[in-house]
Amino acid sequence: MARVGRARSLIIGAAALASATALAVPVLPAAASAAGPGVPHGPGHPVLVVAQDGRPGHFASVQAAIDAVPPGRGPVTILIEKGTYSGQVYAPASKPDITLLGATGNPQDVTITDDIAHGTIAPNGNQYGTDCSATLSVAGNGFSAYGITVQNSFDPTANPQITSPQAVAVKTVADRVVFAHDRFLGIQDTVFASSYADPFTPAECFAPGGPPATSPPGSTAPPPARQFYYDDYIDGSVDFLCGSADAVFDHDTIDILGHPGGSVTAPDTGLEQPYGYLIIDSRIVNSNGTLAAGSNFLGRPWQHTGVTSPVGQITIRNTYLTAAINAQHWENWSSPPFPWQDARFYEYRNTGPGAADVAADVPQLTAAEAAHYTVAGYLDGWLPRRSEVG
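Residues numbered from 1 in each chain as written. Predicted model: local features only at pLDDT ≥ 70, side-chain atom pairs only at ≥ 80, totals over all residues. Heavy atoms only, no water.

1. Some thoughts on the environment of Asp114
Note on placement: Asp114 falls in strand 7 (residues 110–114). When the C-alpha atoms of Asp114 and Phe154 are compared, they prove to be 7.5 Å apart, with 40 residues separating the residues in sequence. Apart from the residues within four sequence positions on either side, Asp114 is in contact with Gly87, Gln88, Thr135, Gln151, Asn152, Ser153 and Phe154. Polar contacts involving the side chain of Asp114 include one to the main-chain amide nitrogen of Gln88, which spans 3.1 Å. (Helix = DSSP H or I, 4+ residues; strand = E, 2+ residues; numbered from the N terminus. Contact = heavy atoms within 4.5 Å. Polar contact = N/O pair within 3.5 Å; in protein donor to acceptor, adjacent residues only side chain to side chain.)

See the structure below:
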């Protein structure tokens, strides 16, 4: 199987639309913003516009635009003009092939935000729970987003009454999902790269009655949930990459904001899945410089209630590691206890001060073994870009 090459020109915006055609990214007419909904992109490909200008034909919220898409109507592009848009957003399974496109190409210009945490009480009286706290929830296959910020702005210090502070920015259970040139901001569980192996599906979370108090266990034979995060910025403090998807993080900046003793990742990959997370050609940093050397860990094996046989799988390779990473690199899950050595945690040719002093029992792949842990292996036949495949 050919390895997916790394495209060098994924930037989306007015100056880079010419390169978008090679990336299966929608190329919008220059007048798309002014024309409003229904601007065609090829036969039957509408463009809906979200803006805060109040103009007729523009949608005031991202959710309103998604709601206007008929089931099965994709592909549809939703062009989001500069601004901050509050409220949860849900792309259901019945609406595949939706693209969210920031109008300027700069993710700092377009923000989707909310502040719901696990312990936040929903209107139906239930807690939202981690799974239903997401600012953006994606169940529709073929979803993509370019040049936007997704934020969960929950502040645990301002809400001490909420003792379960997990607060998700984006949760995805869909297949063939692409996020490129985006930002994901949060504290705990920022990016929930998930699948139907996890309980509390988005359909349950957004049912008319509100988030449920309980959920059946996740599927023991979930459909594929291949997800590709390219050139994204992701920040958080605890377990801020978590879930059961086949997810590739390629050329991303993963920024640890604080919380000494915390872990960057917490995969709950089902034992039946050969692949979980791949972090490749990326940078794991502590940009605010608040962490002492050796005070944090790369990951721990999440024992997620409702997941059958969670035995986390992650490979971190060819990636820069900040000095804040402990020489042990991995830590155990505490309750129920599960040692990291029983998970499937691998590394290969990482660099930086965090990779210079590594404990002897931390698994390092050989070149022959590493050949099985590639972008192509994780994405299993799906090529999210048309260019530079080699």
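Having seen the model, we can carry on.
2. Regarding the nonpolar core
The tendency in soluble globular proteins is for nonpolar side chains to be buried side by side. Among the nonpolar cores identified, the biggest contains 67 residues, and Ile78, Ile80, Leu100, Phe143, Phe179, Val191 and Phe249 are the most heavily contacted of them. Setting aside chain neighbours within four positions, we find Ile78 in contact with Leu48, Val50, Ala65, Ile66, Ile98, Thr99, Leu100 and Leu101. With 22 residues, the next largest nonpolar core counts Ala180, Tyr230, Leu365 and Tyr378 among its residues. (Core = buried A, V, L, I, M, F, W, Y, C linked by side-chain atoms within 4.5 Å. Buried < 20%, exposed > 50% of the residue type's maximum accessible area, 1.4 Å probe, protein only.)

3. Remarks on the sheet that holds strand 19 (residues 253–256)
Strands sit in the order 4-7-10-13-16-19-22-25 across an open sheet of eight strands; the sheet is parallel. This sheet does not close on itself; its edge strands, each paired only once, are strand 4 (83–86) and strand 25 (320–321). As paired strands, strand 4 and strand 7 are joined by four bridges and run parallel to one another. Bridge pairing in strand 7 links Thr84 to Thr111. (Pairing = 2+ DSSP bridges.)

4. Topic: the pairing of strand 10 (residues 149–152)
Pairing of strand 7 with strand 10 involves four bridges; the strand directions are parallel. Paired with Thr113 across the strands is Gln151, a residue of strand 10.

5. Notes on the pattern of salt bridges
Tallied over the entire structure, the rule returns three salt bridges. The residue Asp239 makes a salt bridge to Arg300 at a minimum N-O spacing of 2.7 Å. With Asp239 in the loop between strand 16 (233–236) and strand 17 (241–243) and Arg300 in the loop between strand 23 (297–299) and strand 24 (313–317), this pair connects stretches of sequence that are 61 residues apart. Under the relative-accessibility criterion, Arg300 is labelled buried at 17%. (Salt bridge = Lys/Arg side-chain N within 4 Å of Asp/Glu carboxyl O.)

6. Section: the sheet that holds strand 11 (residues 170–172)
Read across the open sheet, the seven strands follow the order 5-8-11-14-17-20-23; overall the sheet is parallel. This sheet does not close on itself; its edge strands, each paired only once, are strand 5 (89–91) and strand 23. Taken pair by pair, the neighbouring strands of this sheet meet at an average axis angle of 15 degrees, ignoring direction. Inspection of the sheet shows strand 20 (residues 263–267) paired to strand 23 by two bridges, in the parallel sense. Residue pairing in the sheet places Thr265 in a bridge with Gly299 of strand 23. (Axes fitted to C-alpha atoms, helices over the stretch in contact; angles between N-to-C directions.)

7. A word on the state of the cysteines
Enumeration according to the criterion identifies one disulfide in this entry. Note on cysteine connectivity: Cys132 is disulfide-linked to Cys205, with sulfurs 2.0 Å apart. Judged by the sign of its S-S torsion, about -75 degrees, the bond between Cys132 and Cys205 is left-handed. On the criterion of sequence distance, the pair formed by Cys132 in the loop between strand 7 and strand 8 (136–138) and Cys205 in helix 4 (residues 202–205) is long-range, its members being 73 residues apart. (Disulfide = S-S within 2.5 Å.)

8. Comments concerning the packing of aromatic side chains
In this description, an aromatic ring pair is defined by two values, namely the gap between the centres and the angle between the planes. A complete count under the given rule lists 14 aromatic pairs for this structure. Taking the ring centre of Phe192 as reference, the NZ or CZ of Lys171 above it sits at 4.9 Å. (Phe/Tyr/Trp six-rings, centres within 6.5 Å; stacked < 30°, edge-to-face > 60°. Lys NZ or Arg CZ within 6 Å of the ring centre and 35° of its normal.)

9. Some points on unusual backbone geometry
Residue Pro75 follows Gly74 across a cis peptide bond; omega there is 5 degrees. Here Pro75 shows up in the loop between helix 3 (62–67) and strand 3 (76–80). Of note in this structure, Phe200 is not a glycine but carries a positive phi near 55 degrees. Mapped onto the elements of the fold, Phe200 is located in the loop between strand 14 (191–193) and helix 4. Of note, Asn318 is a non-glycine position whose phi angle comes to about 50 degrees, a positive value.

10. Thoughts on the side chain of Thr269
On the secondary structure map, Thr269 appears in the loop between strand 20 and strand 21 (277–280). Under the relative-accessibility criterion, Thr269 is labelled buried at 0%. At 3.0 Å, the side chain of Thr269 and the backbone nitrogen of Gln313 are in polar contact.

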